[in-house]
Amino acid sequence: MGTKSRETIYGGSIRAAAERAAEARKTADRLAVEAWNKRMLGFQGPAQPSPALGDAINAGFGYLEVKCLGCNTHQTVTLDIVRRPKATPVHELERYMRCGDCSRLQGRPYKRSHLVALRVAKISASDPPSTWWPGER
Ligand SMILES: [Zn+2]
């Protein structure tokens, strides 16, 4: 009797609602990252609370700028290769970061760093290549 499928009747509005929700999540994630960046850049912290790793990536902020307190270099860490659950708050990464140069110099993992801000791109190409890596506990 020519009944339309549920897909035909509801499919479009369900997809549109899902898209709106995804869009709103992205906006919320971006605002949370911007608020965190403002606090970090304006007040140098506190870093806690901070957006989750996955939320920062979802908002388009794929990089975390870190300053080594040993050698004062600023480097960027690529968030999507960090082997932590996506729900991990960004500030928790601080204690896993090790500076390659300072670690070599001191002969042990050097982990004193300051989180600067979340970034949409790596900091300028003229900066030294990142020697930071997300180490194991
Ligand atoms: Zn260093």
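Presented here is an overview of the structure given in this document.

Remarks on the overall build of the protein
Along its length, the protein carries 3 helices and 5 strands. A burial count over the protein gives 35% of its 137 residues as buried. Restricting to contacts in the protein with at least 6 residues of sequence separation, those with at least 24 account for 69%. Working note: accessible area of the protein is about 8600 Å², and carbon and sulfur atoms make up 55% of it.

Considerations on the pattern of salt bridges
Inspection of the entire model under this criterion finds 5 salt bridges. We note a salt bridge from Arg95 to Glu92, for which the minimum N-O separation is 3.9 Å. Between Arg104 and Asp101 there is a salt bridge whose closest N-O contact spans 2.8 Å. Residue Arg104 and its partner Asp101 are located together in helix H3 (residues 100–106), separated by 3 residues, close to a single helical turn.

Considering the coordination of the zinc ion
The coordination sphere of the zinc ion contains the protein donors Cys68 (SG), Cys71 (SG), Cys99 (SG) and Cys102 (SG), at a distance range of 2.3 to 2.4 Å. Taken together, the 4 donor atoms coordinating the zinc ion and their angles of 107 to 112 degrees define a geometry best described as tetrahedral. Between consecutive donor residues of the zinc ion, the sequence gaps follow C-x2-C-x27-C-x2-C. Separated by 31 residues along the polypeptide, Cys68 in strand E1 (residues 63–68) and Cys99 in strand E3 (residues 97–99) bring together distant segments of the chain. Taken individually, Cys68 and Cys99 each receive the classification buried, so the pair is uniform in this respect.

Observations concerning the packing of aromatic side chains
All told, the structure shown has 0 aromatic pairs when counted by the stated rule. Looking at Arg84, its charged tip hangs above the ring of Tyr96, at a distance of 3.7 Å from the centre.

A word on the nonpolar core
Membership of the largest hydrophobic core comes to 18 residues, with the highest contact counts inside it found for Trp36, Leu64, Leu79, Leu93, Leu115 and Leu118. Counting residues per element, the ones that place at least two in this core are helix H1 (6–43), helix H2 (53–58), E1 and strand E4 (113–119). It is H1 that contributes the most residues to this core, 3 residues altogether. Setting aside anything within four residues of it in sequence, one finds Leu93 in contact with Leu53, Leu64, Leu79, Val82 and Arg84.

Reading the values: the criteria
- As a convention, each chain's residues are numbered from 1 in the sequence order in which they are written.
- Only residues with pLDDT of at least 70 get local features here, since the model is predicted, and only at 80 or more are side-chain atom pairs given and counted; chain-wide, interface and lining totals rely on the full set of residues.
- In computing side-chain values, all of the structure's heavy atoms are included and hydrogens and water are not.
- Think of it this way: any DSSP run of H or I at least four residues long counts as a helix, any run of E at least two long counts as a strand, and we number them from the N terminus.
- Burial classification: accessible surface area is computed with a 1.4 Å probe over protein chains only, and a residue below 20% of its type maximum counts as buried, one above 50% as exposed, and the rest as partly exposed.
- Residues count as neighbours in contact if any of their non-hydrogen atoms are within 4.5 Å of one another.
- Only the protein chains shown count as cover for residues, and all accessible areas are computed by the Shrake-Rupley method using a 1.4 Å probe.
- The term salt bridge refers to a side-chain nitrogen of Lys or Arg lying within 4 Å of a carboxyl oxygen of Asp or Glu.
- Sodium, potassium and calcium take a 3.2 Å donor cutoff, other metals 2.8 Å, and in both cases only N, O and S atoms count; water is not among them, so sites may look incomplete.
- Any coordination sphere not matching a tetrahedral pattern (four donors, all angles between 85 and 135 degrees) or a square planar or octahedral pattern (four or six donors, opposite donors over 155 degrees apart, other angles between 65 and 115) is reported as irregular.
- Here is the rule: rings of Phe, Tyr and Trp (six-membered ring for Trp) pair when centre to centre is within 6.5 Å. Planes less than 30 degrees apart are stacked, more than 60 are edge-to-face, and the remainder are tilted.
- Look at NZ for Lys and CZ for Arg. If either is within 6 Å of the ring centre and within 35 degrees of the ring normal, a charge sits over the ring.
- Put simply, buried Ala, Val, Leu, Ile, Met, Phe, Trp, Tyr and Cys residues joined by side-chain atoms within 4.5 Å make one nonpolar core.

The analysis is restricted to geometry; functional conclusions fall outside its scope.
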